[in-house]
Amino acid sequence: MGLMPTADVSSEDPAVVKAGETLLANAVKAVRDIGGSKLGGILYSTHGKYAGAPTERGRKNSIAAIAKTAEIAKEAGVDLVLEIVNRFETNLLNTAAQGLDFIRATGSDHVKLHLDTFHMNIEEANPAAAIRLASDRIGYFHIGESNRGYLGDGVVNFDLAFDALLDIGYDRDITFESFSGAVVDQSLSVACGIWRDTWTDSMPLAKHAKAYIEMKIDEAKRRRATNAGR
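It should be emphasised that the depicted structure is a prediction, and the values quoted were computed from it without experimental measurement.

Criteria and thresholds
- Residues numbered from 1 in each chain as written.
- Predicted model: local features only at pLDDT ≥ 70, side-chain atom pairs only at ≥ 80, totals over all residues.
- Heavy atoms only, no water.
- Salt bridge = Lys/Arg side-chain N within 4 Å of Asp/Glu carboxyl O.
- Buried < 20%, exposed > 50% of the residue type's maximum accessible area, 1.4 Å probe, protein only.
- Helix = DSSP H or I, 4+ residues; strand = E, 2+ residues; numbered from the N terminus.
- Axes fitted to C-alpha atoms, helices over the stretch in contact; angles between N-to-C directions.
- Parallel < 35°, antiparallel > 145°, perpendicular 65-115°, else oblique.
- Left-handed = near helix turned anticlockwise from the far one by under 90°.
- Contact = heavy atoms within 4.5 Å.
- Nonpolar A, V, L, I, M, F, W, Y, C, P; charged D, E, K, R; others polar.
- Pairing = 2+ DSSP bridges.
- Right-handed = clockwise from strand over helix to strand, strands pointing away.

### Remarks on the pattern of salt bridges
The final tally for this structure, using the stated rule, is 16 salt bridges. The partner of Arg 32 in a salt bridge is Asp 33, with the nearest N and O atoms 2.8 Å apart. Residue classification places Arg 32 among the partly exposed residues on the basis of a relative accessible area of 40%. Accessibility expressed as a relative area gives 57% for Asp 33, which makes it exposed. For the salt bridge of Asp 163 with Arg 223, the shortest nitrogen-to-oxygen distance reads 2.9 Å. On the criterion of sequence distance, the pair formed by Asp 163 in helix H6 (residues 158-167) and Arg 223 in helix H8 (residues 202-228) is long-range, its members being 60 residues apart.

### Focus: the packing of helix H1 (residues 14-33) against helix H2 (residues 56-76)
If you want to describe how two helices pack, look at the angle between their axes and the distance between the axes. Close contact between H1 and H2 brings their axes to 10 Å; oriented N to C, the two are set at 25°. Viewed along their axes, H1 and H2 adopt a mutual orientation that is roughly parallel. Here H1 runs over H2; the crossing is right-handed. The residues of H2 that touch H1, namely those facing Pro 14, Val 17, Glu 21, Leu 24, Ala 25, Val 28 and Arg 32, are Arg 57, Asn 61, Ala 65, Ile 66, Lys 68, Thr 69, Ile 72, Ala 73 and Ala 76. When its residues are assigned to classes, the contact of H1 with H2 shows ten nonpolar, two polar and four charged.

### Topic: unusual backbone geometry
Here the phi dihedral of Ser 135 falls at roughly 45°; this positive angle occurs in a residue that is not glycine. Along the polypeptide, Ser 135 turns up in the loop between helix H5 (127-134) and strand S5 (138-143). By relative accessible area, which is 25% here, Ser 135 ends up partly exposed.

### Points about the pairing of strand S3 (residues 79-83)
Within S3, four of the five residues are buried, which leaves the element mostly enclosed by the surrounding structure. The sheet contact formed by strand S2 (residues 38-46) and S3 spans four bridges and is parallel. Bridging across to S3, Leu 39 finds its partner in Leu 80. Crossover connection from S2 via H2 to parallel S3: handedness right-handed. Sheet topology note: the S3/strand S4 (residues 111-116) ladder contains four bridges and is parallel. Pairing of Glu 83 across the sheet is with His 114, part of S4. Each parallel crossover has a hand, and for S3 linked through helix H3 (residues 96-106) to S4 it is right-handed.

The structure is reproduced here in structure tokens:
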């Protein structure tokens, strides 16, 4: 999920922050009640492009709100994972390093990071190094191509990403993410800047993604075995 401006916990307005805290608490309970195990996304700010940089007060408000939510999530048995996204979708957490600083500031051991190859391709100087830096603080992982379409049709270096995931022993969820205005809700398409459709049929896209991810995992394992034998 992502927060709307009226519930932005990184706001300087106490009423807006309170609305965001209430929304997050209710979201955690909803995940618990449907038998879910994770609440992730842009939970720490509005999902959208900001007109300026975050303020120190706003950052502190966000940290405090996530710390409160983490306690609720821990009690509910729900993982809290903060997605690191690009500069056009938040002004607060654009890199893994920023995310690590943020979760350390919450003082909670229940907050983890949600990394995404699409966003890392934009923001990280070295996406594979960012994966290794975050290491066991990664709680969820998105595989997305640079054009949000079919895997392999863009410029993301998935070999390096899967090598890094293997190196850190990542064994949590790996989920394919793609967008098309023909399928995805219009408000989300606008927030993510989906102005052209790279696909319109979900099933072939999903089957290709599953096969592609499995192939890249197998290739990473073979590379490791080859290097270990040298």
